[in-house]
Amino acid sequence: DIYTTFRYFPLHMVKFYKKFTQIESLKNAEYINDITLNIPLHQNLTNDNVEYIINHIKRILDWNINKLIKHIGLIRVQDPTSISDYSDEPLGLLYLAASLEANGYKTDIINFAGYSNDSWKDNLDLSYDLYGIELYTPTAIYGIEIAKYIKNKKNDSIVICGGPHPSAVLDHSTLNIFDCIVVGEAENTIIDIIKNYENGIKNNRLIFCVNPKKLDDVIFPARNKVDMMKFTRSLNKVAIIFHDDVE
């Protein structure tokens, strides 16, 4: 959806100018003409338009470069509107961390719970090869801001997103900053995504996960990655449901 053209032709190839020269071929000029693509460049471009174009060009140039993923950071986005940002542990990220570490990828949980809108910037480690950001609809705007910050500071980092927000909405155009948008339960799919990057295989930008057939196949969440004593939710009554495993 970015308008591009092949626009500027060597003068000896333009009909009007041929009568002014006897030159029939200029190999270098013709070669440059064949490989030069013109991208939008005009006064009506907004900063968001420019950022969108840059990110797409980077994605095209980088997708076929093998990238070894050594260290992964999974980000729990802050929620300044929440009464208690520490009610629950980031369970979805803990499941992903368990799956990643079981497959040999060193993974950290970057927990921004309780942070103000901008205070997280001083505590964001930019040394990770890949970042995964969990998005809920009320906090998606903050996750997008974090992704933009990472890309601006370290543009070779891979930043993907998942969680309830991208899985619930139909229009993902506001998530263009992300290299991949993951829809569904990603415990298994995340491994395939990373291996594709490592092997120089281009991932689809929008990836739909295949959910596990049995809960018993899902690895236990890596609760050792966070301080569980910081989370405050308590239950007065608990209902335990037992069921037979029926295919």
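Please read all numbers here as calculations on a predicted model, not as lab measurements. (Residues numbered from 1 in each chain as written. Predicted model: local features only at pLDDT ≥ 70, side-chain atom pairs only at ≥ 80, totals over all residues. Heavy atoms only, no water.)

A short note on the overall build of the chain
Going by this rule: Secondary structure elements are taken from DSSP: a helix is a run of H or I of four residues or more, a strand is a run of E of two residues or more, and numbering for both begins at the N terminus. In what follows, residue pairs with any heavy atoms lying within 4.5 Å of each other are defined as contacts. The protein chains shown are the only cover counted for residues, whose accessible areas, like all others here, come from Shrake-Rupley with a 1.4 Å probe.
Regarding its fold elements, the chain presents six helices and six strands. N-terminal to C-terminal, the α/β element order of the chain is α-α-β-α-β-β-α-β-α-β-α-β. Taking the principal axes of its C-alpha atoms as reference, the chain extends roughly 90 × 45 × 30 Å. Contacts spanning at least 24 positions in sequence make up 73% of the contacts within the chain whose residues lie at least 6 apart. For the chain, the accessible surface area stands at approximately 16100 Å², while carbon and sulfur atoms represent 54% of it.

Considerations on the pattern of salt bridges
We apply this condition: Throughout this description, the term salt bridge denotes a Lys or Arg side-chain nitrogen within 4 Å of a carboxyl oxygen of Asp or Glu. Per-residue accessibility, obtained with a 1.4 Å probe over protein chains only, is compared with the maximum for each type, and a residue is labelled buried under 20%, exposed over 50%, and partly exposed between these values.
Within this structure, the stated rule accounts for four salt bridges. With a shortest N-O distance of 3.3 Å, arginine 223 and glutamate 89 are connected by a salt bridge. In this pair, arginine 223 is assigned in the segment after strand E6 (206-208) and glutamate 89 in the loop between strand E1 (71-76) and helix H3 (91-102), connecting sequence segments 134 residues apart. Its relative accessible area of 18% is what places glutamate 89 among the buried residues. Lysine 225 is the salt-bridge partner of glutamate 101, the closest N and O atoms lying 2.8 Å from each other. Of the two residues, glutamate 101 sits in helix H3 while lysine 225 sits in the segment after E6, which places them 124 residues apart along the sequence. Classification of glutamate 101 by relative accessible area gives partly exposed; the value is 35%.

Here's the deal with the packing of aromatic side chains
Aromatic ring pairs are described here by two measures, namely the spacing of the ring centres and the angle between the planes. As a reminder, the rule being used: Side-chain rings of Phe, Tyr and Trp (the six-membered ring for Trp) are treated as a pair once their centres are within 6.5 Å; stacked means planes under 30 degrees apart, edge-to-face means over 60, and tilted covers the remaining angles.
For the structure shown, the criterion picks out seven aromatic pairs. A ring pair is formed by phenylalanine 112 and tyrosine 115, whose centres lie 5.2 Å apart and whose planes are at 65°; its orientation type is edge-to-face. On the basis of relative accessible area, tyrosine 115 is assigned to the partly exposed category, the value being 25%. One aromatic cluster is present, built from ring pairs that chain together Phe112, Tyr115, Trp120 and Tyr149.

A look at a nonpolar patch on the surface
What counts here: Patches were defined on residues exceeding 30% relative accessible area and lacking a salt bridge, with like-charge contacts within 9 Å and nonpolar side-chain contacts (Val, Leu, Ile, Met, Phe, Trp, Tyr) within 5 Å.
Nonpolar side chains collect at one region of the surface, where Leu11, Phe16, Tyr17 and Phe20 lie side by side and expose about 470 Å² of accessible area between them. Structurally, the position occupied by phenylalanine 20 is in the segment before helix H1 (27-35). Judged by its relative accessible area of 58%, phenylalanine 20 falls in the exposed class.

Describing the pairing of strand E5 (residues 180-183)
What counts is decided by this rule: We call two strands paired when DSSP finds no fewer than two bridges between them.
Of the two faces of E5, the one carrying Cys180 and Val182 and the one carrying Ile181 and Val183 are both buried. Pairing of strand E4 (residues 158-162) with E5, which is carried by two bridges, proceeds in the parallel orientation. Opposite cysteine 161, over in E5, you have isoleucine 181 as the bridge partner. Pairing of E5 with E6 involves three bridges; the strand directions are parallel. Counterpart to valine 182 in the pairing with E6 is isoleucine 207.

Considering the sheet that holds E6
Consider a sheet: its strands pair through backbone hydrogen bonds, and that pairing is either parallel or antiparallel. Selection criterion: Think of each axis as a best-fit line through the C-alpha atoms, taken over the contacting stretch in the case of a helix, with angles from 0 to 180 degrees between the N-to-C directions.
On the basis of which strands lie adjacent, the open sheet formed by six strands has the order E2-E1-E3-E4-E5-E6 and parallel pairing. Of all strands in the sheet, those bounded by a partner on one side alone are strand E2 (106-111) and E6. Taken over all neighbouring pairs, the strand axes of this sheet differ in orientation by 25° on average, direction set aside. As judged from the five bridges shared by E1 and strand E3 (residues 130-134), these two strands associate in the parallel manner. What sits directly across from isoleucine 72, in E3, is leucine 130.

Topic: the nonpolar core
As a reminder of what qualifies: We define the nonpolar core as a collection of buried residues of types Ala, Val, Leu, Ile, Met, Phe, Trp, Tyr and Cys that are connected through side-chain atoms lying within 4.5 Å of one another.
Membership of the largest hydrophobic core comes to 27 residues, with the highest contact counts inside it found for Ile72, Leu74, Leu100, Leu130 and Ile194. The leading source of residues in this core is H3, at six residues. Leaving out residues up to four positions away in the same chain, leucine 74 has contacts with Leu93, Leu96, Ala97, Leu100, Thr107, Asp108, Ile109, Ile110 and Gly132. The next biggest cluster of nonpolar side chains, apart from the first, holds 22 residues, and it includes Phe112, Leu124, Ile133 and Cys161.

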